Amino acid sequence: MQSLTIVTPDDWHLHFRDNEMLAETVPATARCFQRAIVMPNLVPPVVNAEMAMAYKSRIEAARPEGSTFEPLMTLFLTNTTTPQDIVDAKTAGVTACKLYPAGATTNSDAAVKGIKALYPVFQAMQEQGLLLLIHGEVTEHHIDIFDREKAFIDTHLSHIVDAFPDLKVVFEHITTADAAEFVSGANDKVGATITPQHLLLNRNDLLVGGVRPHNYCLPVLKRNTHQKALQDMVASGNPKFFLGTDSAPHAKHKKENACGCAGCYSAWSAIELYAEIFDQLGVIDKLEGFASLYGPDFYGLPRNTTTTTLIKEPWQVPDQVTLADGTDMVPFYAGQTLQWKLESAFQNA
Ligand code: NCD
Ligand code: ZN
């Protein structure tokens, strides 16, 4: 039996949601990740240190017995965020801030309308050492949805990176060759997360043979040449690119809907999905760097000291999971077979 032991991984981009949903989502992630960057797009959004710390406590309370899983908290930037909010966030132990262009994705209506107006806030983040995490898509109606990431690089990201050379910036869930090239060519303060869906799938998997709502996420899946560029990047072992699942749970009836919402709930099989694609690419030896080393190195945090073992043994992702209140959810890759399985996690090295 083939097996692979790696330093325990972390998830650098994740949506837990809140309240009853936490009983499902927190154990699913704590199953294989030591830490996770927790996205702040709740309703209402997490906009200050006090809200972030209260949310952190709710997440910690939902951990399975004995789990040492650590949520790393983020603030949701709005046009009313102030430099003082950043100072307070740093003092409270917040790790990063998330920039959503208004209307870009789920629960982002409160987000930023004029990015330039936030430059004093970015300045404070640079001084305080908080990371800037960016959903990099423009939202102008006349820009084609498949071009929104590239347009964001040209209109905003290149200027932010130039104006704040010491600010650590993570271009989240990149989906295009343009984004991969931009990040690899930028200074070493610029990194990117890549999701399992953008490595495993392309837009054919969303649209050919019928619309597949469970493969719908934002940024939307792109053409196969972009998928290939992301695959090539992770296969190269470039340390600017690291694991961020963007696991984003939604009720089944909200996905299978005339106006289905965006997000793939991948936490159920997260590390296994990445193992699947790295193995398909013939670079399973590169999984550890991507999943466990480059993320903490980029964030300036210690690497995990425990190890995790995967074995090559086929298993099937469940068709559905049901919350305590009866809500059904369809996990990403539902009903499909994966070749790698988590055998044991958090082993003392
Ligand atoms: C995310 C969500 O549902 O919160 N959805 C998604 O498609 N990725 C939001 C986001 O990260 O864009
Ligand atoms: Zn996300």
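Residues numbered from 1 in each chain as written. Chains lettered and ligands numbered in written order. Predicted model: local features only at pLDDT ≥ 70, side-chain atom pairs only at ≥ 80, totals over all residues. Heavy atoms only, no water.

Some thoughts on the layout of surface pockets
Over the atoms, a rolled probe matching the size of one water molecule traces out where space is still vacant.
Stage number 1. By volume, the largest pocket is sized at about 530 Å³.
Stage number 2. Considering the residues around the largest pocket, the lining is formed by 20 residues, among which Arg-17, Met-21, Pro-249, His-250 and Lys-254 are closest to the centre.
Stage number 3. Residues that form the lining of the largest pocket fall into these classes: eight nonpolar, seven polar and five charged.
Stage number 4. When its volume is computed, the second largest pocket comes out at roughly 180 Å³.
Stage number 5. Lining the second largest pocket, in full, are Leu-206, Leu-207, Val-211, Arg-212, Pro-213, Tyr-216, Val-220, Lys-255, Asn-257, Gly-260 and Cys-261.
Stage number 6. Residues of the lining of the second largest pocket, tallied by class, amount to seven nonpolar, two polar and two charged. (1 Å grid on protein atoms, 1.4 Å probe; cavity = no way out; pocket = protein on both sides within 12 Å on 5 of 7 lines; lining within 4 Å. Points joined across faces, edges and corners; volume = space filled by probe spheres on them. Nonpolar A, V, L, I, M, F, W, Y, C, P; charged D, E, K, R; others polar.)

Quick word on the packing of aromatic side chains
Stage number 1. Counting across every chain of the model gives 13 aromatic pairs.
Stage number 2. Their ring planes at 75° and their centres at 5.1 Å tell us that Tyr-119 and Phe-164 sit as a pair that is edge-to-face. Here the residue Tyr-119 occupies a position in helix α4 (residues 119-128), and Phe-164 occupies one in the loop between α5 (148-163) and β7 (169-171), the gap between them amounting to 45 residues.
Stage number 3. Here Phe-164 falls in the buried class, since its relative accessible area comes to 5%.
Stage number 4. Grouping aromatic residues by their ring pairs yields a cluster made of Trp-12, Phe-242, Phe-298 and Tyr-299.
Stage number 5. Sitting over the ring of Phe-298, Lys-168 keeps its end group 6.0 Å from the ring centre.
Stage number 6. It is Arg-203 that lies over the ring of Phe-146; its NZ or CZ is 4.5 Å from the centre. (Phe/Tyr/Trp six-rings, centres within 6.5 Å; stacked < 30°, edge-to-face > 60°. Helix = DSSP H or I, 4+ residues; strand = E, 2+ residues; numbered from the N terminus. Buried < 20%, exposed > 50% of the residue type's maximum accessible area, 1.4 Å probe, protein only. Lys NZ or Arg CZ within 6 Å of the ring centre and 35° of its normal.)

Topic: the coordination of the zinc ion (ligand 2)
Stage number 1. Here the zinc ion (ligand 2) is held by His-13 (NE2), His-15 (NE2) and Asp-246 (OD), and the distances to it run 2.0 to 2.1 Å.
Stage number 2. What the four donor atoms of the zinc ion (ligand 2) show is an angle range of 92 to 142° at the metal, which sorts the shape as irregular.
Stage number 3. For the zinc ion (ligand 2), the donor residues sit on a single chain with the sequence spacing H-x1-H-x230-D. Separated by 231 residues along the polypeptide, His-15 in the loop between β2 (11-14) and α1 (22-30) and Asp-246 in the loop between β9 (241-243) and α10 (252-255) bring together distant segments of the chain.
Stage number 4. Under the relative-accessibility criterion, Asp-246 is labelled buried at 5%. (Donors = N, O, S within 2.8 Å, 3.2 Å for Na, K, Ca; no water. Tetrahedral: all angles 85-135°; square planar, octahedral: opposite > 155°, others 65-115°.)

Topic: empty space enclosed by the protein
Stage number 1. Inspection of the entire model under this criterion finds three cavities of 30 Å³ or more.
Stage number 2. What lines the largest cavity is a set of 16 residues, among which His-15, Thr-105, Leu-218, Asp-246 and Ala-248 lie closest to the centre.
Stage number 3. Taken as a whole, the second largest cavity holds about 60 Å³ of empty space.
Stage number 4. Considering only residue class, the lining of the second largest cavity consists of six nonpolar, three polar and one charged.

Observations regarding the site of ligand 1
Stage number 1. Lining the immediate environment of ligand 1, one finds 15 residues, of which Arg-17, Asn-41, Thr-105, Leu-218 and Asp-246 sit closest.
Stage number 2. Asn-41 places a polar side-chain atom, nitrogen or oxygen, 2.8 Å from an oxygen atom of ligand 1.
Stage number 3. For ligand 1, an oxygen atom lies 2.8 Å from a polar atom in the backbone of Leu-218.
Stage number 4. Judged by its atoms lying within 2 Å of the grid points, ligand 1 is housed in the largest cavity. (Near = heavy atom within 4 Å. Polar contact = N/O pair within 3.5 Å; in protein donor to acceptor, adjacent residues only side chain to side chain. Sits in = over half its atoms within 2 Å of the grid points.)

Looking at the nonpolar core
When a protein is soluble and globular, its nonpolar side chains tend to lie buried together.
Stage number 1. In terms of nonpolar packing, the biggest core is built from 92 residues, with Leu-77, Leu-99, Phe-122, Met-125, Leu-132 and Leu-287 touching the most fellow members.
Stage number 2. Looking at this core element by element, the count peaks at seven residues for helix α11 (residues 270-280).
Stage number 3. Counting 18 residues, the second largest nonpolar core, distinct from the first, contains Ile-37, Phe-76, Leu-131 and Leu-133. (Core = buried A, V, L, I, M, F, W, Y, C linked by side-chain atoms within 4.5 Å.)

Here's the deal with the sheet that holds β7
Stage number 1. Taken together, eight strands build an open sheet; the order of strands is β2-β3-β4-β5-β6-β7-β8-β9 and the sheet is parallel. Strands with a single pairing partner mark the edges of an open sheet, and in this sheet they are β2 and β9. Shown here is a sheet whose adjacent strand axes are inclined to one another by a mean of 30°, direction ignored.
Stage number 2. Two strands pair when backbone bridges link them, and strand β8 (residues 190-194) and β9 are joined in this way by three bridges, in the parallel orientation. Across the sheet, residue Ile-194 finds its bridge partner in β9, namely Leu-243.
Stage number 3. Relative to the sheet, helix α12 (residues 287-299) contacts β2, β3 (35-38), β6 (131-134), β7, β8 and β9, its axis offset from that of β9 by approximately 115°. (Pairing = 2+ DSSP bridges. Axes fitted to C-alpha atoms, helices over the stretch in contact; angles between N-to-C directions. Contact = heavy atoms within 4.5 Å.)

Re the sheet that holds strand β13 (residues 337-348)
Stage number 1. Strand order in this open sheet of three strands is β1-β10-β13, and the pairing throughout is antiparallel. Two strands close off the open sheet at either side, each with one partner strand: β1 (3-7) and β13. For this sheet, the mean angle separating the axes of adjacent strands, direction not counted, is 30°.
Stage number 2. In the sheet, β1 pairs with strand β10 (residues 306-316) via five bridges, with the strands oriented antiparallel. What sits directly across from Leu-4, in β10, is Leu-310.
Stage number 3. Each of β10 and β13 is contacted by α11, which is oriented at about 120° to β13, the strand it contacts most.
Stage number 4. Across the face of the sheet, α12 comes into contact with β1 and β10 while running at roughly 30° to β1.

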